[in-house]
Amino acid sequence: MATGKAALSLIAPGAQVVVRDEEWLVRAVQSTRADGLMVRVIGTSELVRDQEATFFTELDDVQALRPEDTRLVADDTPHFRRSRLYLEALLRKTPLPMGESRLAVGHRQLLDELDYQRRPVQVALEALRPRLLIADAVGLGKTLEVGMLLSELIHRGRGERILVVTPQHILEQFQLELWTRFAIPLVRLDSEGIQRVRQKIPATRNPFTFYKRAIISIDTLKNTGRYRHHLEGIRWDAVVIDECHSLINQGTLNNQLARVLAPRTEALILTSATPHNGKPESFAELVRMLDPTAIADPSSYERRDIEHLYVRRHKHSNEVSAEVGSAWADRLDPVGVHANATAPEEAVFDELADVWLRPTSGSAPSKGRGRSLFPYTLLKAFLSSHHAAAETIANRRKTLASSVPDDPDAEAEDVALERLAGLVDSIDDESASKLAALASCLREIGIGRGSSTRAVIFSERHATLEWLASTLPPLLKLSAGAVRVLHGSLADVDQQDIVEEFALADSKVRLLLTGDIASEGVNLHRECHHLIHFDLPWSLIRIEQRNGRIDRYGQRHNPDIRAVLLRTANDKIGGDLDVLDKLLDKEHAAHKALGDAGSLMGLHSAKEEEDKITQAVADGEEIDEVVPDSPAEFDLLMAIAGDSATDPVETTGTLSLFANDAEFVDEAIHEVFEDPNESLDVHREPEHELLSFVPPEDLRRRLEVLPQSYLKERKVLERVKVTSSRTVAEESLRLARESSDSLWPEVVHLSSQHPLVDWLSDKLLVELGRNEAPVLIGAVESPTFLVQGVYSNRRGQATVVEWFAVDGLPDHARVRSIREVLDSAGVGPTMANPGPAAQLASLETLVPAAVEAGRRHMGDVKADRTASVAARLRDHQRRLSAWRKTSKALIGDLSAERTRARRAQEVDDITAGTEALIESLETAGGPLVRVVAVIASGS
């Protein structure tokens, strides 16, 4: 049986309801397309106590309790502890209204106070829906910006179901940041995590409904054939897609994944330092995922079309440079470490020059597709290492062997490759000049036995990485365990383990050898400030991405970046190699002047940069003509970069009866448990503001989503350890980084959204019976009713939240500030409890009058409180109208009738969907008004 319409406005977070003859506490409310309101609850009556459930108002009769029938109850606890904690829990569980765009909780988490990191949160909260591309340059802290925004959404009741999608090698890093900095627990669905979930649920169960907040790799999830039906059957409150530039190209699996997720989430947060590949149409594809009405013509749009969806700054932006200070040391000038070719290497250079690159015969022996640039593939492989060159030659010969039999061109090329292979094979470790140069460079910076210095070494070639891993330890007198190799062929769990091990201060790892899998998203700066390009990419973007692994916010030492560059005496190609020195210098100059080296060529694609530079070298062009010292053309990305506001990001406090979270937790534990020292084995260290205890079963269930290794190593399920001291929490993180076991700290920061706080709040709210409100004794002239008022939109989201007090009842009702009343009445931890208030029955007769006065007050404040949301809705309606008009006009320019019809239908569907969205966000129905407590006088 469906819920009656009159009851819908009474269903709000914190309200008590009766469903299927059991009592429940409402935790969250959300609208659905077909089943009315989705009401998430936790059981309060004996049979369902502490059980979580979800009901739909079109399928179940959710009986909201009438506020006029509220029964008043006495509070016999010391200092009215139960009443104060009940009120506090209700305050914490009530979401902020949609119109509140100031930061309330995100900035209070465990991170530095930086306005530039708060800016994206402000932009997202001011939008119609929180949908934003965070395109900050490498190193600014996009993960922290995401964490702050998710914190705000959770506090607003708009972040219950969260999905985070990242590259597989940074799954744990992202999960760690969100837990230790923001107390947001995500279950990690890597290969091991998915296997555990499969063991717990039936084969037919959607794995994404089992956990409400999850993190998964894009490599796993992009298999839409396997997961699509699961993804299509669920809606998210927030989806985060990290390194989103991989979504741009239509037809790819990544793009298909994004198209499935984007329309099925309220909030969509995309992050990438390189979101623009130089093609307006591709970038428009990314923007349309955020707002399909932002861009009408994907080949022609302006900054004003997208500025509400986009934030980009770099280190030298005014807003950023004013704040980072010593927390981000300036990088040193890069050093090109030249290695002069040995005789065997010169023989290879001569062969490459005379036969392949500048052939004396007039044409290179390479045939088939890509033949003109294949000689440079050989050159780049050799510039990496003789092992990489040998591998490239072998692979090419295999391809030729499988081509058309008896092809004379293929046979000629194979003969040339065989001769080149012979020359390459004559090079050994002793005659590999780059190896000697690298070893010398590493000794110079301090790598060696007994030293704590670390370095990360990049190479594009797997064969080169494996060769270095085998040769460097004996050269530098390092143990085999001091070197780790990271590449894409490793399992996701192994990749995460290597990244974590390199970040641990007391791990034995001194050298991380990695390919470009680690050039995006990985934090390598905590224990390392030396980076060496063993082979330098022919792309400014890729160089900058690599350098950003150690050159990022939080780097306290000057990043030291070097590149080992092989030099030849061969005049034919010696000049070609000058390009590498120039690329190294140009990236550094652009980074200092513009904050974005990719803007110089305007291509915004590492591959396209490499292809263009390679072609230019092949054609004998000067590198300065291809890579200018400043952007030659207007660049949409650069036009927005660094141009965000510089005024302080506004924040707001939250109404609370307690000085801090620790005080609330301490009193709550004593209220919920009769003897917490006995039942929880509570231990306190006041000097460290530390609290630890044995978690009960229902709290353990909330923590089990965290990594099993963390739970086991830190024994989290045996003893929870939290601290309200930011200093102690940061020290715990530092000690974890210096440990050889895990980056996950033993003690975590206690914040307002820690599962412990949420768990206690749930328990406090169910201490009162059905439709009951407590009575306190305080310094008031007449009985004063504390009232909560909430207006919602059709999606169940709060648009007005008002806390106020009513006295002077029944005939002279007066509405006052609840903060003023609480202060003047002396409500706090030291207030005396003289005993039960007299005449509870007579006080109850005033409840209907208090509710009615509350409804009148809510009607009076409605227009003012909803003005900001109404203005946003009008702005979006105007934007929609303009988009529809332009889109319809563009349809007339299409030549094919079928294409015109398809596009017209698409425009109509998007218009109808957006109009429905706008309508659903308007405040609807009457207010929820309820008495939450009464303060009576003691006389």
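Residues numbered from 1 in each chain as written. Predicted model: local features only at pLDDT ≥ 70, side-chain atom pairs only at ≥ 80, totals over all residues. Heavy atoms only, no water.

Another aspect to go through is the nonpolar core. Counting 104 residues, the largest nonpolar core has Val665, Phe693, Leu756, Phe785 and Leu786 as the members making the most contacts within it. The element that contributes the greatest number of residues to this core is strand E28 (residues 923-936), accounting for eight residues. Aside from chain neighbours lying at most four places away, what touches Val665 is Leu691, Leu750, Leu756, Val757 and Leu760. With 75 residues, the next largest nonpolar core counts Val424, Leu465, Leu584 and Ala597 among its residues. (Core = buried A, V, L, I, M, F, W, Y, C linked by side-chain atoms within 4.5 Å. Buried < 20%, exposed > 50% of the residue type's maximum accessible area, 1.4 Å probe, protein only. Helix = DSSP H or I, 4+ residues; strand = E, 2+ residues; numbered from the N terminus. Contact = heavy atoms within 4.5 Å.)

A few words on the sheet that holds strand E19 (residues 560-567). The strand order across the open sheet built from six strands is E14-E19-E18-E15-E17-E16, with neighbouring strands paired in parallel fashion. Because the sheet does not close on itself, it has two edges, and the strands there are strand E14 (335-340) and strand E16 (483-486). Mean inter-strand twist for the sheet, computed between neighbouring axes without regard to direction, equals 20°. In this sheet, strand E17 (residues 511-514) lies alongside E16 in parallel orientation, the contact comprising four bridges. If you follow Arg484 over to E17, its bridge partner there is Leu512. Most of the contacts of helix H18 (residues 433-445) go to E19, to which it runs at about 160°, and overall it touches E14, strand E15 (455-458), E17, strand E18 (530-533) and E19. (Pairing = 2+ DSSP bridges. Axes fitted to C-alpha atoms, helices over the stretch in contact; angles between N-to-C directions.)

Attention shifts here to the side chain of Thr180. Tracing the backbone shows Thr180 in helix H5 (residues 171-182). Among the polar contacts listed, one links the side chain of Thr180 to the backbone oxygen of Leu176, at a separation of 2.7 Å. Residues contacting Thr180, with those up to four places away along its chain left out, are Leu110, Leu733, Pro745 and His749. (Polar contact = N/O pair within 3.5 Å; in protein donor to acceptor, adjacent residues only side chain to side chain.)

This part is about a negative patch on the surface. Taken together, the side chains of Asp619, Glu621, Glu622 and Glu625 define an acidic patch exposed on the protein surface. Under the relative-accessibility criterion, Glu625 is labelled exposed at 59%. (Patch = residues over 30% accessible without salt bridge, like charges linked within 9 Å, V, L, I, M, F, W, Y side chains within 5 Å. Areas by Shrake-Rupley, 256 points an atom, 1.4 Å probe, with all protein chains shown as cover. Salt bridge = Lys/Arg side-chain N within 4 Å of Asp/Glu carboxyl O. Lys, Arg positive; Asp, Glu negative; His and termini not counted. Charge placed at Lys NZ, Arg CZ, Asp CG, Glu CD.)

Helix H19 (residues 462-476) packs onto helix H16 (residues 386-401) with a crossing angle of 140° between their chain directions and a minimal axis gap of 8 Å. Seen along the crossing, H16 lies across H19 with a hand that is right-handed. Together, His386, His387, Ala388 and Glu391 of H16 and Ala463, Thr464 and Trp467 of H19 make up the contact between the two elements. In terms of residue class, the contact of H16 with H19 is built from three nonpolar, three polar and one charged. (Left-handed = near helix turned anticlockwise from the far one by under 90°. Nonpolar A, V, L, I, M, F, W, Y, C, P; charged D, E, K, R; others polar.)

What follows deals with the packing of aromatic side chains. Under the definition given, this model contains nine aromatic pairs. Over the aromatic face of Phe664 sits the side chain of Arg92, whose NZ or CZ is 4.3 Å from the ring centroid. (Phe/Tyr/Trp six-rings, centres within 6.5 Å; stacked < 30°, edge-to-face > 60°. Lys NZ or Arg CZ within 6 Å of the ring centre and 35° of its normal.)

Another point: the pattern of salt bridges. On inspection of all chains with the given rule, the structure shows 65 salt bridges. As a salt-bridge pair, Glu145 and Arg313 come within 3.2 Å of each other at their nearest N and O atoms. Residue Glu145 is located in helix H4 (residues 142-155), and its partner Arg313 is located in the loop between strand E13 (310-311) and helix H13 (318-324); the two are separated by 168 residues in the primary sequence. You can call Glu145 buried: its relative accessible area is 0%. For Arg313, a relative accessible area of 0% gives the class buried. One network of salt bridges, in which partners are shared, links Arg119, Asp136, Glu145, Arg313, Glu319 and Asp647.

Along helix H11 (residues 280-290), eight of the eleven residues are buried, which leaves the element largely enclosed by surrounding structure. Every buried residue belonging to H11 is among Ser282, Phe283, Ala284, Glu285, Leu286, Val287, Met289 and Leu290, and all of these are buried.

On to the state of the cysteines. This model, assessed by the stated rule, comprises zero disulfides. Left unpaired, Cys528 is separated from the closest cysteine sulfur, that of Cys441, by 12 Å. (Disulfide = S-S within 2.5 Å.)

Our focus in this paragraph is the sheet that holds strand E24 (residues 772-777). On the basis of which strands lie adjacent, the open sheet formed by six strands has the order E6-E24-E28-E25-E26-E27 and mixed pairing. Looking along the sheet, the strands with just one partner apiece sit at the ends: strand E6 (71-74) and strand E27 (814-817). Between one strand and the next, the sheet's axes are offset by a mean angle of 35°, whatever the strand orientation. As judged from the four bridges shared by E6 and E24, these two strands associate in the parallel manner. Residue pairing across strands places Leu72 opposite Ala773, the latter belonging to E24. Here helix H2 (residues 81-93) sits on the sheet in contact with E24, strand E25 (784-793), strand E26 (798-807) and E28, set at roughly 125° to E24.

Looking at the protein, the pLDDT average stands at 88 and 96% of residues meet or exceed 70. Confidence over residues 638-642 falls short of pLDDT 50; this stretch has 14 contacts with residues more than four positions distant or in other chains. (pLDDT = per-residue confidence, 0-100.)

What follows deals with the packing of H4 against H5. Contact pair H4 / H5: the axes reach a minimum separation of 10 Å and the direction vectors enclose 55°. Here H4 lies oblique to H5, going by the angle between them. Where H4 crosses over H5, the two elements pack in a sense that is right-handed. Here Thr143, Leu144, Val146, Gly147, Met148, Leu150 and Ser151 of H4 come into contact with H5, specifically with Phe174, Glu177, Leu178, Arg181 and Phe182. Of the residues contributing to the contact of H4 with H5, the split by class is seven nonpolar, three polar and two charged. (Parallel < 35°, antiparallel > 145°, perpendicular 65-115°, else oblique.)

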